[in-house]
Amino acid sequence: MTQNKPNIQSYIKIENNEIVLNGTSAFKTEPTDFADFAKQAYRNFEMQYPKFFKMDALSKLAFLGSELLLSPITSTEDENNIALVLANKSSSLDTDVKYQESISDKENYFPSPAVFVYTLPNICLGEISIRHQLKSENSFFIFDAFNGEFLSNYSNILLNTNKADLVLCGWTEFFNDNYKAFLCIISAAENENYKNENINTLYHK
Amino acid sequence: MEALKEELKNKIITTLNLEDIAVEDIADNDPLFGDGLGLDSIDALELIVILDKDYGIKLVDPKEGKSIFQSIETMASYISANRTK
């Protein structure tokens, strides 16, 4: 597949208890687990969205990243045609395992509906769409490893075929409290700040 | 009955991850859905699980939930009258 260079407008990375927005550290905590880190980040950015606390870890990770990228550019009055293209390695396995554990004892069989609803990775796309009122294209892919070339090409196809005005794409991986998110906004127009960058170079920075 | 209401408030806050709500914030007659606590349809299913798991009450007809889950008051009354554990 030939890489079609994406026009990156902004990007965010979340890993190791830190959020880096456009190359600058925006939030950092002392070493802690993801649940605590996510709660502190939510409070720090005053996100005002109580449903956040009902989400599973993968959705919280995707939500935190998308919130900081989308909030400055989405409008509450106009329709935002921003496609969502995310990928990861572990799908929703972290929640799948928790759910499986909750139903493994036949003597204590009380499956939780609130956990069950997160046993699909693309639920995090729904959470982002609900938050920002997006009725746009969205897809979630599973790869063995980060695949910047695929994300670039897929995003550019959506832009070039007028399926979207902007694309939020990236990697949201979570399993056993190990996590990494890399999200970026891609547009048809070039941004001088990132004209020498592509998704792979920013992901590995 | 007062102890049961307190217990229910704690269970609801913990089970439904109502992070920004304290027991004192929930009045006995506050609506649990809509303008009250703002619970949603998945929360309603979790309340049905609480009835089953903690009080031994199996709701055969989910439509019953509408009246049972109106408030902490109605929940506590129903549980008191029907609990098996």
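Residues numbered from 1 in each chain as written. Chains lettered and ligands numbered in written order. Predicted model: local features only at pLDDT ≥ 70, side-chain atom pairs only at ≥ 80, totals over all residues. Heavy atoms only, no water.

Peer 1: Quick one: what's the story with the overall build of chain B, residue by residue and with numbers?
Peer 2: Helices and strands together make up the secondary structure of chain B, namely four helices and zero strands. Listed by position from the N terminus, the elements making up chain B come as α-α-α-α. Against the compact-globule benchmark of 12 Å for 85 residues, chain B has a radius of gyration of 12 Å, which places it among compact chains. For chain B, with 85 residues in total, the buried portion stands at 36%. Pairs at least 24 apart in sequence give 58% of the contacts found in chain B among residues at least 6 apart. Across chain B, the mean location of the 9 positive side-chain charges is 9 Å away from that of the 18 negative side-chain charges. (Helix = DSSP H or I, 4+ residues; strand = E, 2+ residues; numbered from the N terminus. Rg over C-alpha atoms; globule rule 2.2 N^0.38 Å. Buried < 20%, exposed > 50% of the residue type's maximum accessible area, 1.4 Å probe, protein only. Contact = heavy atoms within 4.5 Å. Lys, Arg positive; Asp, Glu negative; His and termini not counted. Charge placed at Lys NZ, Arg CZ, Asp CG, Glu CD.)

Peer 1: With reference to specific residues and values, describe the packing of aromatic side chains.
Peer 2: Remark: the centre distance and the inter-plane angle together describe each pair of aromatic rings, the angle taken between the planes. Residues and elements named next belong to chain A. Overall, the coordinates contain 24 aromatic pairs over all chains when judged by the stated rule. Each ring, one from Y11 and one from F182, has its centre 6.1 Å from the other, and the planes form 40°; the classification is tilted. Residue Y11 is located in strand β1 (residues 7-15), and its partner F182 is located in strand β7 (residues 178-187); the two are separated by 171 residues in the primary sequence. A residue is classified by how much of its surface remains accessible, and F182, at 0% relative accessible area, is buried. Taking the centre distance of 5.1 Å and the plane angle of 70° together, the rings of F141 and Y154 count as edge-to-face. With F141 in strand β5 (residues 138-142) and Y154 in helix α6 (residues 148-160), this residue pair connects regions lying 13 residues apart in the sequence. (Phe/Tyr/Trp six-rings, centres within 6.5 Å; stacked < 30°, edge-to-face > 60°.)

Peer 1: Got a sec to walk through the nonpolar core? Specific residues and values, please.
Peer 2: Grouped together as the largest cluster of nonpolar side chains are 38 residues, with contacts concentrated most on A:I14, A:I19, A:F34, A:F52, A:L86 and A:L168. When contributions to this core are tallied by element, the ones reaching two or more residues are β1, α1 (34-44), α2 (57-70), β4 (82-88), α5 (123-132), β6 (166-175) and β7 of chain A. Residue contributions to this core peak at nine residues, all from α2(A). Excluding residues that lie within four positions of it along the chain, A:L86 makes contacts with A:A62, A:C124, A:L125, A:I128, A:S139, A:F140, A:F141, A:L168, A:C169, A:G170, A:T172 and A:L183. Core analysis: the next-biggest nonpolar cluster, separate from the first, contains 23 residues, B:I13, B:L39, B:L51 and B:A76 among them. (Core = buried A, V, L, I, M, F, W, Y, C linked by side-chain atoms within 4.5 Å.)

Peer 1: Just give me the short version of the pattern of salt bridges, but keep the residues and values in it.
Peer 2: Applying the stated criterion across every chain yields a total of 16 salt bridges over all chains. The salt bridge involving A:K195 is made with A:E192; its shortest N-O contact spans 3.5 Å. Residue A:K195 is classed as partly exposed on the basis of its relative accessible area, which comes to 37%. Where salt bridges share partners, they join B:E2, B:K5, B:K9, B:D28 and B:E73 into one cluster. (Salt bridge = Lys/Arg side-chain N within 4 Å of Asp/Glu carboxyl O.)

Peer 1: If you had to explain the interface of chain A and chain B to someone new, which residues and values would you point to?
Peer 2: Each partner contributes residues to the interface: chain A has 13 residues there, and chain B has 13 residues. Buried area between chain A and chain B, summed over both chains or domains, comes out near 1,100 Å², and the portion from carbon and sulfur atoms is 57%. At the boundary of chain A and chain B, one finds four salt bridges. For the interface between chain A and chain B, the tally reads seven residue pairs in polar contact (both at pLDDT 80 or more). Taken together, the elements giving at least two residues each to the side of chain A that touches chain B come down to α1 and α4 (113-116) of chain A. Class assignment of the residues belonging to the side of chain A that touches chain B gives a composition of eight nonpolar, one polar and four charged. (Buried area = accessible area lost by both parts, 1.4 Å probe. Polar contact = N/O pair within 3.5 Å; in protein donor to acceptor, adjacent residues only side chain to side chain. Nonpolar A, V, L, I, M, F, W, Y, C, P; charged D, E, K, R; others polar.)

Read these as spatial facts, not as claims about activity.
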